[in-house]
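Each chain is listed here by its residues.
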Amino acid sequence: NNNVDSPASHSLDLKHQSKSAEESFHKLEGHDELNEQMRMIDLSESDLNLLRRVKPSVEQNIDYITDQIYNSVLGVDKLEAIILEHSSIERLKTTLREHIIEIFDGKVDEEYIAKRLKIANIHKRVGLEPKWYLSSFQNLQNVFIQVIYKETHDDNARLQIVQTVTKLLNLEQQLVLE
Ligand code: HEM
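A few points on the structure.

Definitions and cut-offs
Residues numbered from 1 in each chain as written. Predicted model: local features only at pLDDT ≥ 70, side-chain atom pairs only at ≥ 80, totals over all residues. Heavy atoms only, no water. Salt bridge = Lys/Arg side-chain N within 4 Å of Asp/Glu carboxyl O. Helix = DSSP H or I, 4+ residues; strand = E, 2+ residues; numbered from the N terminus. Buried < 20%, exposed > 50% of the residue type's maximum accessible area, 1.4 Å probe, protein only. Near = heavy atom within 4 Å. Polar contact = N/O pair within 3.5 Å; in protein donor to acceptor, adjacent residues only side chain to side chain. 1 Å grid on protein atoms, 1.4 Å probe; cavity = no way out; pocket = protein on both sides within 12 Å on 5 of 7 lines; lining within 4 Å. Sits in = over half its atoms within 2 Å of the grid points. Nonpolar A, V, L, I, M, F, W, Y, C, P; charged D, E, K, R; others polar. Contact = heavy atoms within 4.5 Å.

**As for the pattern of salt bridges**
And step 1. Scanning all chains against the criterion turns up 8 salt bridges.
And step 2. Residues Asp 47 and Lys 167 are paired through a salt bridge, measuring 2.9 Å at the closest nitrogen-oxygen approach. Taken together, the residues Asp 47 in helix H3 (residues 45-60) and Lys 167 in helix H9 (residues 155-177) connect sequence positions 120 residues apart.
And step 3. With a relative accessible area of 5%, Asp 47 lands in the buried category.
And step 4. As a salt-bridge pair, Lys 93 and Asp 67 come within 3.0 Å of each other at their nearest N and O atoms. Linking Lys 93 in helix H6 (residues 89-103) with Asp 67 in helix H4 (residues 62-74), this pair joins segments that are 26 residues apart in sequence.
And step 5. For Lys 93, a relative accessible area of 22% corresponds to the partly exposed category.
And step 6. Under the relative-accessibility criterion, Asp 67 is labelled partly exposed at 31%.

Written out as structure tokens, the structure reads:
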């Protein structure tokens, strides 16, 4: 496999990605329950590697991704009001853009967890209810899947990347909504 550093494309050869979950699932020292959560969704080191390989494609499409999220959020009056009261659309777009790209660093460590706790607190403070948070995650997932289909041309790569990305989105929701 000589495509490790290339962006997601038809040439991504993912055949050697599947190791046994037992040997490669992601663990964090001192986080027993979180480790069980990650094992339950089968989040492995190869998922984290795959994220890094997909990152360039996400960066190329980041404006489209953030615009889609913001158009949907601003379509809800209540959410627009929260944003205008506590922040601004431009500021949040920048924040979200950085946040999304960071997911594709494939780093799930202490800093990652601490940041999700902070995000949870900020959203609680501005009065964002979990149902809206979950709705925008679905939106994010819709856009990601669309972008993955655009950037890849073989079924195996598509399936693996979609699975990996949805695992990460799910983990993020588990942490933020805890
Ligand atoms: C702040 C992510 C959905 C409103 C933030 C921050 C992040 C973030 C990373 C910055 C935290 C920090 O300063 O360290 C997300 C993600 C979402 C989401 C990943 C879902 C996919 C929403 C929605 C609203 C919203 C639906 C609608 C009202 C805000 C506001 C702040 C914030 C008002 C405070 C910004 C500030 O202090 O300037 N969000 N967010 N977020 N978010 Fe969200």
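**Section: the site of the ligand**
And step 1. Among the 21 residues in the neighbourhood of the ligand, the closest are listed as Ser 87, Arg 91, Thr 95, Lys 118 and His 123.
And step 2. In this structure, Lys 118 approaches the ligand through a side-chain N or O atom, which is 3.0 Å from an oxygen atom.
And step 3. Contact between the ligand and His 123: a nitrogen atom at 2.9 Å from a side-chain N or O atom of the residue.
And step 4. At a threshold of 2 Å from the grid points, most atoms of the ligand map onto the largest pocket.
And step 5. If you list the elements that add at least two residues to the shell around the ligand, you get helix H5 (77-86), H6, helix H7 (110-125) and helix H8 (130-151).
And step 6. Here the shell around the ligand takes 5 residues from H6, the largest share from any one element.
And step 7. Along the lines of polarity and charge, the residues of the shell around the ligand split into 13 nonpolar, 6 polar and 2 charged.

**A short note on the side chain of Glu 151**
And step 1. Structurally, Glu 151 is set in helix H8.
And step 2. Among the residues examined, Glu 151 registers a relative accessible area of 16% and is labelled buried.

**Some thoughts on the environment of His 86**
And step 1. Secondary-structure assignment places His 86 in helix H5.
And step 2. For His 86, a relative accessible area of 35% puts it in the partly exposed group.
And step 3. When the C-alpha positions of His 86 and Leu 74 are compared, they lie 14 Å apart, and in sequence the two are 12 residues distant.
And step 4. For His 86, the residues in contact, after removing those within four places along its chain, are Arg 125 and Val 126.

Interpretation in functional terms is not warranted from these geometric data alone.
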